[in-house]
Every structure is written in C-alpha cells, then in structure tokens.
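A closer look at the structure
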Amino acid sequence: MHLKKNGVFSRSASAQRRNHSRVLIIGAGASGYAAASRLMENGFYDLTVLEAEPRIGGRVNTVRFAENIVELGAEWVHGEVGNVVYEMAEPLELLGHNAAKRDFNSHMDFVWSGGALAERAEIELLLNTSQAIRDAVDVDPALASYTGSYGEFFLDKFNQKLMALERRPPAELVDRFLGWFEKATGFYDGSDTWFNTSGRGLLHYRECEGDLAITWKRGGYRTVFDLLTKRFPNPSQELPVRRRVLLNSEVAVIRWAEREATSRPKPPIVVELSNGARYTADLVLVTVSLGVLKHSADTLFDPPLPQRKMNAVRNLGFGQVNKLFMYFSDPWWPSGLSGYSVLVTEDDLEAFKRKYPQYGSMGHWVHGLSGFYIDQHKPSVVLFDWIVGEPARVMERYSDYQIMMGCKDWLDMFLGQNFTIPTPIGFTRSMWWTNKHFKGSYSYRSLDSDRADAWAAHLAEPILDRDGEPAVLFAGEATHDYYYSTVHGAIESGWREADRILGSLK
Ligand SMILES: Cc1cc2nc3c(=O)[nH]c(=O)nc-3n(C[C@H](O)[C@H](O)[C@H](O)COP(=O)(O)OP(=O)(O)OC[C@H]3O[C@@H](n4cnc5c(N)ncnc54)[C@H](O)[C@@H]3O)c2cc1C
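Residues numbered from 1 in each chain as written. Predicted model: local features only at pLDDT ≥ 70, side-chain atom pairs only at ≥ 80, totals over all residues.

The name given to the chain in an unreviewed UniProt entry is Amine oxidase domain-containing protein, and the organism recorded there is Megalurothrips usitatus.

Right, dumping it as structure tokens:
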C-alpha cells in the first residue's frame, strides 16, 4: 500500500519509516544513486535518499515522446576509455555507435532567411577551420598560460587562419557562421557568451578517448540507474536503492553545527524538509547541482559553508542549456539530411519581432535557436534544437504552445519558401533553469573561476567535525576535477564519496 508501482516509497510511507539513518544522501541523480549503490554493494544499508522531485534521475530525464523516447537531459555517453558508463553498458550491448551522428555536419545545410542555402564548399571550409581549432584546444601549448576567454582565443586563431587563405568566404557569411558556431559550441558549457568561458579552463576538462557521441540503443539514459543498482541484467540481484529513496522530499536546511560538540556520542546532523519533516544522520552527502548551491547555499546550510567552498560555489560557472523537440506527422524535409543550421542577421531578428510581437513580449529568445536538426527516430519525424544561455532562460517564461509556434514561425522564415511546413502535432522541451531543484544545466570554467581561483576540488572537500571526521560531504558532476558536466563524472563523484564514507565509518 505504501509502495508506488515502480517500487519507490511515497511520502505517506516515509512517515512510517524511522527518521534516523547513519547516512542521508540528498538527491537521487546519478551521483546520489551511485553513492547509495556503492554503499549497499559494500554491505552498508543504513541510509536514506531524500529527493525533492517526484522522480529519480535528476539531470538524466528520459521521457516518452512521439511514440518513442527523447532525452530532456543527458543523451550521449561521451567517450569510451575511462568512461564508467561505457564500461558498464558496452559489455551488455546497450550502446549504439551512430554513424549518422558522426557525419552530422556533412549532412547539414546552412540556410539564410528566405530559403537560400549557403555554398557547400564555403561552409565546409568554415566548419573544418573552426572544428580544427576546437579539436586542437587540449594540445595547444599557448592555452595553458592564456588568461583571456575562449571566445577571444578562438577568434584570434580563426582570423589568423582566415587571413592565410587565398580565397576567403564573403564577410557576411563568415560573420553569421561565427554567430552559429558560438551557439553550437555553447552546448559544451551553456555559458551566456564564449567571452565568459575561460580559455585555459578548457584544459581542466578531460575527454575520454573514443566515440564522443554514443547513444543508448533502447531504454534511453535512464537505463544507467538500472546498471548502477544491478537491476539490469538480473533483477534478482538488484540493490534496494529505490526502496530507500523518499521522493517529493525537498531539503530546506542542513543543521551541521551541532556536530561541533565534542561530547560522545556525537549529536546527529539534523536535516529539515520544506514540508516540516525532520531527519537525522551521522553523515550527510549533498549531491544537489551547483546551480542549486549558487541559488540557496546561504539558507541550505546552518552554519554557512566555509569561505573556500563558498568561493567555489559563487565562481565556478554553471550553464543554461535547454532542448526543444517538435513532432510532425510526416517528415517534410529531404531524407538523408541531418538538419538545417540558420544564418541569422540583425535584419531577420527585427523583421521577426515586427511580424510576431507576441513571441517577444517577455524578452526575446528565437535568436538563441541555432537550427533544426533531425532526431534519430524511426520513422524520423522529430526536429530538435538546443538553446543556450540567456535565450534558454527567457524561453522558460513562455508556454509550450508559444514556444512551439515561435519555432514553427522561425522555421517558416528560413524554409517556408522551400517547403510547406505544417504545425507540429506534438512538442516538448526541458526547463532546467526555472526548476529550483536544478537552476541550470551543468558546470564549466568561467573567467570568474580563474580570477577567484575556484576549483572543483574545493567544492568536493568534506566539512569535517572537530575530530577531523567527515560530517557533510559533497558529490555531483561539478565536484569532479576533470569529468565535470557529465554523467560519468557525476557517478565517479558519488563512488568517491561512498568510499570516503565507508572509510570513515570503519
Ligand atoms: C540538457 C542537458 C544535456 C546533457 N547532456 C549530457 C550528455 O549528453 N552526456 C553526459 O554525460 N552528460 C550530459 N549532461 C550532464 C549530466 O546530465 C549531469 O552531469 C548529471 O546527470 C548530473 O548528475 P548529478 O547527480 O551531479 O546531479 P543531478 O542530476 O542534478 O542530481 C541532483 C538531485 O538533487 C535533487 N535536489 C536538488 N535540490 C534538492 C533539495 N533541496 N532537496 C532534495 N533533493 C534536491 C535534484 O532534484 C536532483 O535529482 C546533460 C545535462 C543537461 C541538463
């Protein structure tokens, strides 16, 4: 009666449970789940996971859409060597190496408003030049001592390469292409502008060798939770993490001050929920996003976090990336195409604003759309786009219908002369910014991180009690030194803290 269909305890059931655990984990995303699984694998079951959302998964959110599934959060397994997600999923043949994705750029057209396609040879030249600079970033000796932004670094290199060409593409095309490329590379960090992304900060991130855009063959990214708990491939071996998760349990305050007392036994840490419920524990593992910490660390911890950790919270970058999916009854685009990237001029924007004032009454967002790309569906009837930075935040102020129609009218402006574009029959999107349990997408290194000397390691440091033992611990993608912004980084961080807890409890 107290168990939901999926085996997760409902809140009414939580009231039946005792409210003291040796370990409380805050957040049932990849890092929290990984930590709980690791603890149980080592025979430690005295734990509770408090999750604010009505679902597990956090920034992994696989949803049903268009008779299929789409990923509102993580989609790709980035690389093979050293990637723990790859290591768990590949032997079970769950992953697909998608050739079409690898050739994405060569099957993508660039289109001006009014429908004219950019010259293929010129686009290829611009794409190859830009991609070569991006790909060479981690072997570029100049970057380690560079103090400027990634935008400045990139444009400097790009202009040098352009000047060296005998025949250059027209300036207007170069300008518009760069506008698109900034948006496209913005997916890496979600920064409002590449002039705020740290140039040398790109070196902090470590890429796993191998295919960088591996997808899940079936089930989507949420399958990773079944792998962590060993539910897949053999349900009888499942670690009972789900049964320890209390959904709809938003933590309001973590009172860790009492741990400063030296009396034995140590008084527990007290965790209060927004609904008034109270839990106690010997150790608390916090896995909420850096966005949540930026937004609410001042009230979430009593007493406040130490200075060095707050410096990391304030100054590490946390991006805004959203996804949009449009579902059509039939494909109206040529088969074999991976999509259209739009080459936007200021005039296009002004014309759009004049013609459709309703889409900008609360601020404009269409200029954040980089294009329309075909999702790997069978049959292929879904177009998607990613939207980054300020437009990604603004977009969340509008209803699904407004955004869907705005996308359709924007599409019409570029491709309406070439095709009759029908109104989509379905639409979905992510809203990572307004949801107070995320407040954005993933972490990155900004110029502020450089200036303030803010590091993931500072975020990861546990708060120790007076005996020098961990009291409040931290995991989550943003705490990973070099795999930040990924699921594999989040999982490794959860395992790291589970090992620390096991060491400390011994
Ligand atoms: C649009 C998008 C695309 C992405 N694409 C990829 C990709 O292709 N490949 C990849 O590897 N990674 C990708 N990522 C990043 C990846 O999803 C994250 O790095 C990873 O899922 C983060 O896991 P986490 O456990 O650190 O945090 P989260 O998943 O955020 O988990 C933290 C949990 O804490 C909960 N919480 C928050 N506040 C409270 C509170 N007060 N009380 C209780 N619970 C609370 C949240 O609800 C959440 O469930 C993407 C992310 C986004 C948003």
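With that settled, consider the overall build of the chain. Looking only at helices and strands, one finds 16 helices and 21 strands in the chain. Whereas a compact globule of 506 residues would reach a radius of gyration of roughly 23 Å, the chain reaches 24 Å, a difference of no more than 12%. Once the C-alpha set of the chain is aligned to its principal axes, its extents read approximately 75 × 55 × 45 Å. With 506 residues in all, the chain has 44% of them scored as buried. In the chain, the proportion of contacts linking residues at least 24 apart, taken out of those at least 6 apart, comes to 76%. (Helix = DSSP H or I, 4+ residues; strand = E, 2+ residues; numbered from the N terminus. Rg over C-alpha atoms; globule rule 2.2 N^0.38 Å. Buried ≥ 20, exposed ≤ 12 C-beta atoms within 10 Å, placed from the backbone. Contact = placed C-beta atoms within 7 Å.)

If you check the shell around the ligand, you find 40 residues, and the closest are Gly-27, Gly-29, Ser-31, Gly-58 and Ala-74. Residue assignment for the shell around the ligand shows that the elements contributing at least two residues are α2 (30-41), β14 (321-327) and α16 (487-505). Looking at side-chain class alone, the shell around the ligand contains 17 nonpolar, 16 polar and seven charged residues. (Near = placed C-beta within 6 Å. Nonpolar A, V, L, I, M, F, W, Y, C, P; charged D, E, K, R; others polar.)

Here we come to the nonpolar core. Residues Val-284 and Leu-285 are the most contacted members of the largest nonpolar core, which totals 127 residues. In terms of residue count, the dominant contributor to this core is helix α13 (residues 400-415) (eight residues). (Core = buried A, V, L, I, M, F, W, Y, C linked by C-beta atoms within 7 Å.)

Burial in helix α9 (residues 290-300) covers these residues: Leu-290, Gly-291, Val-292 and Leu-293. Along the axis of α9, the buried positions cluster into a sector of 170 degrees, meaning they face one direction only. (Arc of directions from axis to C-beta.)

Taking 1.5 Å as the rise per residue, helix α7 (residues 171-186) with 16 residues should run 22 Å; its terminal C-alpha atoms sit 22 Å apart, in good agreement. Of the residues making up α7, those classed as buried are Arg-176, Phe-177, Phe-181, Glu-182, Lys-183 and Gly-186. Along its buried surface, α7 packs onto α5 (120-135), β15 (339-343) and β17 (382-388). (Expected span 1.5 Å × (residues − 1).)

The subject of this paragraph is the sheet that holds β14. Strands sit in the order β6-β15-β16-β17-β14-β18 across an open sheet of six strands; the sheet is mixed. Single-partner strands in this sheet number two, and they are β6 (108-112) and β18 (426-429). Each strand of the sheet is rotated relative to its neighbour by a mean of 25 degrees, with strand direction disregarded. As paired elements, β14 and β17 share seven bridges and run antiparallel to each other. Looking across to β17, one finds that Asn-322 is bridged to Ile-387. (Pairing = 2+ DSSP bridges. Axes fitted to C-alpha atoms, helices over the stretch in contact; angles between N-to-C directions.)

Where α5 meets α7, the closest approach of the two axes is 11 Å, and the angle between their N-to-C directions is 45 degrees. The angle between the axes of α5 and α7 places the two elements in the oblique class. Judged by the sense of rotation from one axis to the other, the crossing of α5 with α7 is right-handed. Contacts between α5 and α7 involve Glu-122, Leu-126, Ser-130 and Arg-134 from the former and Leu-173, Val-174, Phe-177, Phe-181 and Thr-185 from the latter. Class assignment for the residues of the contact of α5 with α7 results in five nonpolar, two polar and two charged. (Parallel < 35°, antiparallel > 145°, perpendicular 65-115°, else oblique. Left-handed = near helix turned anticlockwise from the far one by under 90°.)

Let us now look at the environment of Arg-167. When you line up the elements, Arg-167 lands in the loop between α6 (150-163) and α7. Distance from Arg-167 to Leu-349, taken between C-alpha atoms, is 30 Å for residues 182 residues apart in sequence.

The next thing to look at is the packing of α2 against α16. Packing of α2 against α16 leaves a shortest axis separation of 7 Å and a crossing angle of 40 degrees. Taken together, the axes of α2 and α16 are oblique relative to one another. As for the relative orientation of α2 and α16, their crossing is right-handed in sense. Taking contact as the criterion, the partners of Ala-30, Ser-31, Gly-32, Tyr-33, Ala-34, Ala-35, Arg-38 and Leu-39 in α2 are, on α16, Val-487, Ala-490, Ile-491, Ser-493, Gly-494, Trp-495, Glu-497, Ala-498, Ile-501 and Leu-502.

Turning to the environment of Asp-330, a few remarks are in order. Take Asp-330: it is sitting in the loop between β14 and β15. Here the alpha-carbon distance between Asp-330 and Met-310, two residues 20 residues apart in the chain, equals 51 Å.

A separate point is the pairing of strand β11 (residues 278-286). By the criterion of burial, β11 is predominantly enclosed, with seven of the nine residues buried. Two elements, strand β1 (residues 20-26) and β11, share six bridges in a ladder whose sense is parallel. The residue bridging Ile-26 from the neighbouring strand is Val-286, located in β11. Of the strand pairs in this sheet, strand β10 (residues 269-273) and β11 are connected by four bridges, and their pairing is antiparallel.

Attention shifts here to unusual backbone geometry. For residues that are not glycine, phi is negative in most cases, and the peptide bond is trans in most cases. Look at the link from Phe-232 to Pro-233: it is a cis peptide, with omega at 5 degrees. Along the chain, Pro-233 falls in the loop between α8 (223-228) and β8 (245-246). Put simply, Asp-302 and Pro-303 share a cis peptide bond, and its omega is 0 degrees. Here Pro-303 is to be found in the loop between β12 (301-302) and α10 (307-315). The phi angle at Glu-67 is positive, at roughly 55 degrees, despite the residue not being glycine. As for its placement among the helices and strands, Glu-67 is situated in the loop between β3 (62-65) and β4 (68-71). Judged by the 12 C-beta atoms lying within 10 Å of it, Glu-67 falls in the exposed class.

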